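# Descriptive analysis of the structure
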Amino acid sequence: MKKIDLAIIGAGPAGLSAAIYATRGGLNTIVFESSLVGGQILLTNEVENYPGYEDIMTGEELTSKMRLQALKFGTIFIEENVEEIIINEDHKVIVTSEDKYIATAVIVATGASPKKLDVPGEARLTGRGVSYCATCDGAFYKGKTIAVIGGGDSAIEEGMYLTKFAEKVYIIHRRDELRAVHSIQQKAFNNNKLEFVLDTVVQEINGEKKVSSLTLMNKKTNEVYNLEVDGVFVYVGIVPNNELVKDKIYLDQQGFVITGDEMQTKIDGLYVVGDLRKKTLRQVVTATSDGAIAAFVAERYVAAISDRHRP
């Protein structure tokens, strides 16, 4: 088994930030990522609120820069799926699909995944008109009519992005007002390709080989009707990717990990950062902050373990 100082599981902004700080601090660090480097931020077409960047970037551009910075300091990236973390007193065993690694400290940055509507037709038509990524699939809807489900920042931002392709975009939200921040709402209200359908929930996604319509219900009037669309993009929240740690540490009712201010869990040397944590604000800037803090604390922990074993 290969021995390392620090294992970071996940290569979104939190994991990448942790890698930069850890390797710059002298830790032998491996980042495990089973899919594309970047995590959830890859689904974001425009990042305009990351401090220090005046120009709008895509999520991919931002995380690519972070990855290059981590590589410069010596981070090793391994594309292996982590299947288990085995906890021992002063080390952890990382079991991947291909190998095992012994790490003194572990930072879990596995993030979260898009929440599903759980309505009839959603699973069957996923990939055939149902999508959770405007950046990935928006270009397929040139001149089409589509719906975006949700009323938060992501839903409205991605709805505006989709107007670059679609002729018409319906924003369908279950409340009587949007949850997105004021500046985003104002941009959306000024976009004549957007139409807002409030106080409304999706009851079913219809179609044979591809999406053809949505069955909607107005919550105030109880009216049920069909809305013809060519596709639907779902942005109704996230669910934590907590499979590796859910039986080991404390979670809140939604399954997000409860940590201290220094990202520590109840297990010494095991830290959780980014969207997987219970937190008030899930943004790139808070994810990178989490990663930096965890790496700094992990560095002290690794040093303490080394001192303990020094003759």
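The following paragraphs examine the structure supplied in this document. On a predicted model such as this, the values are computed, not experimentally measured, just so you know. (Residues numbered from 1 in each chain as written. Predicted model: local features only at pLDDT ≥ 70, side-chain atom pairs only at ≥ 80, totals over all residues. Heavy atoms only, no water.)

The next point concerns the overall build of the chain. Scanning the chain from terminus to terminus reveals seven helices and 17 strands. Over its C-alpha trace the chain gives a radius of gyration of 21 Å, about what one expects of a compact globule, namely 19 Å for 311 residues. Once the C-alpha set of the chain is aligned to its principal axes, its extents read approximately 75 × 40 × 30 Å. For the chain, the residues scored as buried account for 51% of the 311 residues in total. Counted over contacts in the chain with a minimum sequence separation of 6, partners at least 24 positions apart contribute 59%. As displayed, the chain has an accessible area near 15,600 Å², and 47% of this comes from carbon and sulfur atoms. Both charge centroids of the chain, one from 35 positive and one from 42 negative side chains, sit 1 Å from each other. (Helix = DSSP H or I, 4+ residues; strand = E, 2+ residues; numbered from the N terminus. Rg over C-alpha atoms; globule rule 2.2 N^0.38 Å. Buried < 20%, exposed > 50% of the residue type's maximum accessible area, 1.4 Å probe, protein only. Contact = heavy atoms within 4.5 Å. Areas by Shrake-Rupley, 256 points an atom, 1.4 Å probe, with all protein chains shown as cover. Lys, Arg positive; Asp, Glu negative; His and termini not counted. Charge placed at Lys NZ, Arg CZ, Asp CG, Glu CD.)

What follows covers the nonpolar core. L6, I107 and Y271 are the most contacted members of the largest nonpolar core, which has 33 residues in total. When residues of this core are traced back to their parent elements, those giving at least two are strand 1 (2-9), helix 1 (13-24), helix 2 (59-73), strand 6 (100-108) and helix 7 (284-309). Among all residues touching I107, those that are not within four sequence positions of it are L6, A7, I8, I9, A18, Y271, V273, A294 and A295. By size, the runner-up hydrophobic cluster in this structure holds 21 residues, among which are I4, I30, I85 and I94. (Core = buried A, V, L, I, M, F, W, Y, C linked by side-chain atoms within 4.5 Å.)

Here we take up helix 1. When the terminal C-alpha atoms of helix 1 are compared, their 16 Å separation across twelve residues agrees well with the 16 Å that a helix rising 1.5 Å per residue should span. Along helix 1, the positions that sit buried rather than exposed are P13, A14, G15, L16, S17, A18, A19, I20, A22 and T23. Among the structural elements, strand 1, strand 2 (29-32), helix 2, strand 3 (76-78), strand 6 and helix 7 are those in contact with the buried residues of helix 1. Immediately beyond the C-terminal end of helix 1, within one or two residues, lies G26, with a positive phi of roughly 100 degrees. (Expected span 1.5 Å × (residues − 1).)

This part covers the sheet that holds strand 12 (residues 200-206). Pairing within the open sheet is antiparallel, and its three strands lie in the order 12-13-14. Both outer strands of the open sheet, strand 12 and strand 14 (224-228), are each paired with one neighbouring strand and no more. The sheet shows a mean angle of 30 degrees between the axes of neighbouring strands, taken without regard to direction. Bridge count between strand 12 and strand 13 (residues 213-218): six bridges; the pairing is antiparallel. Across the sheet, the residue bridging to N206 is S213, located in strand 13. (Pairing = 2+ DSSP bridges. Axes fitted to C-alpha atoms, helices over the stretch in contact; angles between N-to-C directions.)

Two elements in contact, helix 1 and helix 7, have axes separated by 7 Å at closest approach and are oriented at 35 degrees. Between helix 1 and helix 7 lies a crossing whose hand is right-handed. Listed contacts from helix 7 to P13, A14, S17, A18, Y21 and A22 of helix 1 are V284, A287, T288, G291, A292 and A295. Of the residues belonging to the contact of helix 1 with helix 7, the class tally is nine nonpolar, three polar and no charged. (Left-handed = near helix turned anticlockwise from the far one by under 90°. Nonpolar A, V, L, I, M, F, W, Y, C, P; charged D, E, K, R; others polar.)

The geometry of helix 5 (residues 153-162) relative to helix 6 (residues 182-189) is characterised by a closest axis approach of 10 Å and an angle of 30 degrees between their N-to-C directions. For the pair helix 5 and helix 6, the sense of crossing is left-handed. Contacts between helix 5 and helix 6 pair D153, I156, E157 and M160 from the former with I184, K187 and A188 from the latter. Taken together, the residues of the contact of helix 5 with helix 6 break down into four nonpolar, no polar and three charged.

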